[in-house]
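So you can see what is in the structure, the chains are spelled out below.
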Amino acid sequence: MIKRALQPWPDSRAERTLGAASLLVGVCVVGMLVFVAVQAWPMFQHQGLSWLGSGGNVDSQLGNLEHAGAHPSASGYYLRAWPLIYGTLLTTGIALALALPTALLSSIFIVEFAPAFLRRVMIPVIRLLASVPSVIYGLIGILVLVPFVGNDLITASEKTSVQNVVELTGAGLGVAALVLAVMITPIMVALITDALNTVPRAWREGAVALGLNPLRATLAVSVRAIRPAIVAAAVLATARALGEAVMLYMVAGSVGFAPKPVDGVTFFFEPLKTLASSIVESAEGLGAPALHAAAYAFALLLLFSAFTLSLAGYLVKLPLRKYEVRA
Amino acid sequence: MSRIRRIAVAFAVVGVLGVATPAAALATSLITISGSTASYPLVELLANKYRKVEKNKVKFKIAQGGSQAGINDVTFGRVSIADVSRDPKSTDPKGLDFYPIAKYAVCVVTNDSNPISNLTAAQVLAIFTGKTRNWSEVPGAKASGTIDLISRTSSAGVLSSFETLLNGGKKVSTLAAQKTSEGLLKQAVEADQNSIGFLSNYNADSGGVNSVAYNGIGCTRANAASGQYAGIAHFYEVTNGAAKGAAASFISWIDKAKAAQSIIASEWVPLNE
Amino acid sequence: MSATAGTGLIAGRQPRRHGKRSSLRTWRWVDRLVFLGAWAAGLGLCLIAAGIVVYLAVRGIQYLKPSMLVSRPQAATSQAGSGGFLDPIEGTALLTAIGVVLALPLSIATAVWIVEYGRPSWLARVVESTIEIVAGTPDILIAVFGLALFQLHLMAPFSATGEGGGVVGRSFIAAGAMMSLIALPPIFTATRDGLQAVPRHMREAAFALGKTRIATIRRVLIPRVRANIATGVTLGVSRIIGDTAIVLLVLGGTLHIETQSSTPVLGLLRGTGSTLTSYVFDNSPAGEGEAPQKAYAAAFVLLILILLLNAVVNRIGKGNAHTITGAYV
């Protein structure tokens, strides 16, 4: 039988084998989604959707989940995870707000204004920034940025102003959103630059011929033409930002607090926790069934939001189809 | 033809090796432990000594993660023994056996630049429950500004012992920063001039932080041994059901052997002192 | 017509020889601001990248001694005595090897099937979508999936089992399997793009000579897309090396590589260990570490590895040199 396998294969057998391998990959991925959902089911079974709401201190609730024992009752699963969801939305939103304009401007710079040598330099630079591991970003954040913010930027009066609600240590929303923005910008720059380079030269030339200056011509023609690519870049970057766990665990402060914008500047110093970083935090305690279900419920929520993002991106791109560049 | 035969022979050899070596490995037994970060130094020393005593016939795998993580691991059979640094709670799963091995003291600690010598029970309660928020309200404090509370995550046994023994049974305020291990709590207190926290006496007295007396009694090994200090807690080795096999031998060795008791007496308090 | 003559209709760079750039003085001040903003953004990114590399290089050279690369880590209270990080380096190498060995055949098989066969077409679309899903899945999710999967009793042979019958679920093979999941999309995408770029006449020539489809794939197409596969593998390796979440959750985090039994290979695969990324994490203020110096040294080694891999990609991916993404995304 081994001899038969060592001889050249007929096409039908090859097709079936390769198809089986592909099916295996597909089944594994679908199995992963189903598996995560099954692990998360106890949380939905006992708490329905109310665990997405707010109420009480989420840190102590997570602690209670860890102590709930081997066969927790329905009340043993009590959780109100809104501060975590809010923290995720805040960091992702602010990081995206910082990164999207920067990425757009950088791409325009690379394509339009950069001298040739600088353009050759920036391509490896973008690739490098995109491939730096998140633990290195987290290390620089926690050893350089957090002490700087904690010692030099946070004043004693700011600390006392919130001292009855939360402690300010330098690790918080500002550092987290900033480092996250630096992490997601290269992805967007790469996609947008490649898209800008596929816009036919003639389109932009036409705009210049009509009297626009080069910048306006780029904005009016090229950037408008690649709007689907910008949407795709934003979707990809948001998905990356939502799922970032280790770096945020290191620099966001690890306190289940919902930062309040009304606090002014202190808003950016308040610590928070995101869904993904909570999963890393509970890594040691995943043996407890209640905490196990909670962590997988967070993972399921992240998956669901990634799906929704892709769907939203697809829907946003639909009306833009007619402007799509055929290069 | 001969190539296939060679492949088959190779498989057979690997298969035999795969069976033979575990048989030789059976002579050594493995004890897996996980749990408290406070008792980790003690258990590590005891394990090393026991391994020498048993002439390397016993291997240990010791992980940390906090007392609660140890309890969860031993409940589900992932480890043989859990290190726990708090008394059994009503929420603990039924069927666990707690074997005490040593006593230790829970100390309140502050930064070295803020050398408070003594705090009363009422002051400790007010500070750690968040009623007192500023160092100006604490007499004898050199620090000024907001009090930075440093505590442990809910998995910690030392936290539970601290709340029961020194905090009047009340929970530490949710304002406190939660560190995952004794080492990290000590680092945090060393780094922040306005901080206050709690450590087991081994880490509190080994330098770098200021250990605070409680109700006038200093937090030292001697005061813990004499029973005067209020915050005396136990280290336990916990098994699922009665201890069996290698784990049982290890625990009874800790209880009976002179070498073990002298290791315990070096930094902690033996049970019968 | 004449407006576009000499510039061509092809996409690409603007030719600098023709015409003069409009002077900045004729622009409105809003446009000048945006112009400055574009320069600032571009230079800012360069500065950030330079800053990261230079800072890590300074700290790394300050704390990295060559002996650290070959000595084993010791648990010690002071940083001077805690040895090097040979075990984390070995752990990284082992995980990368397992991940690539598992991912490579599957990715190439899938890419080949989708491009060359692909019947039924709905199945091909489903498989492509699932690989896109994996590419977009955060690694923390894959990590928790791996942990839960390998803690099933069915998977007991792949890791250690505790005294009470609970499966630990953390081992090299478990982490390696998850690493193969994250290395799969880059290799798949690169191979698929390479195969799609092969012109039809090559296949048709092979068929005309009487070769079967599978023989064409094996003897003509695969050798031709070797560069793409290599690019994909390098990108996958770079993703594996940089991943932390999977290592933290599924590898067991022991300082030394600890084999599960004394069986030569199986014991190692079922054992636990650490990698450079988990070593950096553990020695940082977020892990156990009072050892930022060791963290910097290890981070520097990690960065050098990533730089080398990037240089390799830039070299062999010459066909993708005009795009930044290449097979990245």
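Quick summary incoming for the structure in this document.

Rules of the game
- Residues numbered from 1 in each chain as written.
- Chains lettered and ligands numbered in written order.
- Predicted model: local features only at pLDDT ≥ 70, side-chain atom pairs only at ≥ 80, totals over all residues.
- Heavy atoms only, no water.
- Helix = DSSP H or I, 4+ residues; strand = E, 2+ residues; numbered from the N terminus.
- Buried < 20%, exposed > 50% of the residue type's maximum accessible area, 1.4 Å probe, protein only.
- Areas by Shrake-Rupley, 256 points an atom, 1.4 Å probe, with all protein chains shown as cover.
- Lys, Arg positive; Asp, Glu negative; His and termini not counted.
- Charge placed at Lys NZ, Arg CZ, Asp CG, Glu CD.
- Expected span 1.5 Å × (residues − 1).
- Contact = heavy atoms within 4.5 Å.
- Buried area = accessible area lost by both parts, 1.4 Å probe.
- Salt bridge = Lys/Arg side-chain N within 4 Å of Asp/Glu carboxyl O.
- Polar contact = N/O pair within 3.5 Å; in protein donor to acceptor, adjacent residues only side chain to side chain.
- Nonpolar A, V, L, I, M, F, W, Y, C, P; charged D, E, K, R; others polar.
- Disulfide = S-S within 2.5 Å.
- Patch = residues over 30% accessible without salt bridge, like charges linked within 9 Å, V, L, I, M, F, W, Y side chains within 5 Å.

Let us look at the overall build of chain B. Across its full length, chain B holds 10 helices and 10 strands. Burial statistics for chain B: of 273 residues in total, 52% are counted as buried. By element, 57% of the accessible surface of chain B is carried by carbon and sulfur atoms, the whole surface being about 11300 Å². Of note, chain B has its 27 positive side-chain charges centred 11 Å away from the centre of its 19 negative side-chain charges.

The terminal C-alpha atoms of helix α2 (residues 40–53) of chain B lie 20 Å apart, and with 14 residues this matches the ideal 20 Å at 1.5 Å per residue to within 8%. Of the residues making up α2 of chain B, those classed as buried are Pro41, Leu42, Val43, Leu46, Ala47 and Tyr50 of chain B.

On to the interface of chain A and chain B, then. Facing the 23 residues of chain A at the interface are 26 residues of chain B. Taking both sides of the interface into account, the surface hidden between chain A and chain B amounts to around 2100 Å²; carbon and sulfur atoms contribute 51%. Three residues stand out in chain A for area buried against chain B, namely His67, Gln163 and Glu167 of chain A, and they jointly supply 32% of the buried area on that side. Counting across the chain A and chain B interface gives 2 salt bridges. Put simply, chain A and chain B have 7 residue pairs in polar contact (both at pLDDT 80 or more) between them. Elements with a minimum of two residues in the side of chain A that touches chain B: α1 (2–6), α3 (58–66) and α7 (156–161) of chain A. No other element matches the 4 residues that α3 of chain A contributes to the side of chain A that touches chain B.

What follows is about the interface of chain A and chain C. If you look at the interface, chain A gives 85 residues, while chain C gives 94 residues. When chain A packs against chain C, close to 7900 Å² is buried across both sides, 76% of that on carbon and sulfur atoms. Contact with chain C buries surface across chain A, with Met32, Arg127 and Arg201 of chain A losing the most and accounting together for 9% of the total. Linking chain A with chain C are 2 salt bridges, by the criterion used here. The tally of links between chain A and chain C comes to 11 residue pairs in polar contact (both at pLDDT 80 or more). Sort the elements by how many residues they give to the side of chain A that touches chain C and helix α2 (residues 11–47) of chain A lands first, with 18 residues. Residues of the side of chain A that touches chain C, tallied by class, amount to 61 nonpolar, 15 polar and 9 charged.

Right, let's talk about the environment of Val189 of chain A for a bit. All names here are of chain A. Topologically, Val189 is positioned in helix α8 (residues 173–197). For Val189, a relative accessible area of 0% puts it in the buried group. Along the backbone, Val189 and Glu205 are 16 residues apart, and their C-alpha atoms lie at a distance of 23 Å.

Here we take up the state of the cysteines. Residues and elements named next belong to chain B. For the structure on display, the rule yields 1 disulfide over all chains. Each sulfur of the disulfide joining Cys107 and Cys219 lies 1.8 Å from the other. The sign of the S-S torsion, about -60 degrees, decides the handedness of the disulfide formed by Cys107 and Cys219: left-handed. Within this pair, whereas Cys107 is found in strand β4 (residues 96–111), its partner Cys219 is found in the loop between β9 (209–214) and α8 (221–226), the two being separated by 112 residues in sequence. Residue Cys107 shares its accessibility class with Cys219, and that shared class is buried.

This part covers helix α4 (residues 121–128) of chain B. Since there are 3.6 residues in each turn of an α-helix, residues three or four apart along the chain are aligned in direction. Residue and element names in this part refer to chain B. Burial in α4 covers these residues: Val124, Ala126, Ile127 and Phe128. On its buried face, α4 sits against β4, β5 (118–119), β6 (148–152), α5 (157–165), β8 (195–200) and β9. In the stretch just after α4, Gly130 is the one whose phi turns positive, near 85 degrees.

All names here are of chain C. Along the chain, Ser274 falls in the loop between α10 (264–269) and α11 (276–283). Given a relative accessible area of 4%, Ser274 falls into the buried group. Excluding residues within four positions of it along the chain, Ser274 makes contact with Asp87, Pro88, Gly91, Thr92, Leu251, Thr254 and Leu255.

This brings us to unusual backbone geometry. The residue after Arg119 of chain C, namely Pro120 of chain C, is reached through a cis peptide bond having omega -5 degrees. Relative to the helices and strands, Pro120 of chain C resides in the loop between α2 (86–117) and α3 (121–136). Not every positive phi belongs to a glycine, and Ser254 of chain A is a case in point at roughly 55 degrees.

Residues and elements named next belong to chain A. Side chains of Leu311, Tyr314, Leu315 and Leu318 sit close together on the surface and give an oily, nonpolar patch of about 390 Å² of accessible area. Looking at the element boundaries, Leu315 is found in helix α14 (residues 289–317). What makes Leu315 partly exposed here is its relative accessible area of 49%.

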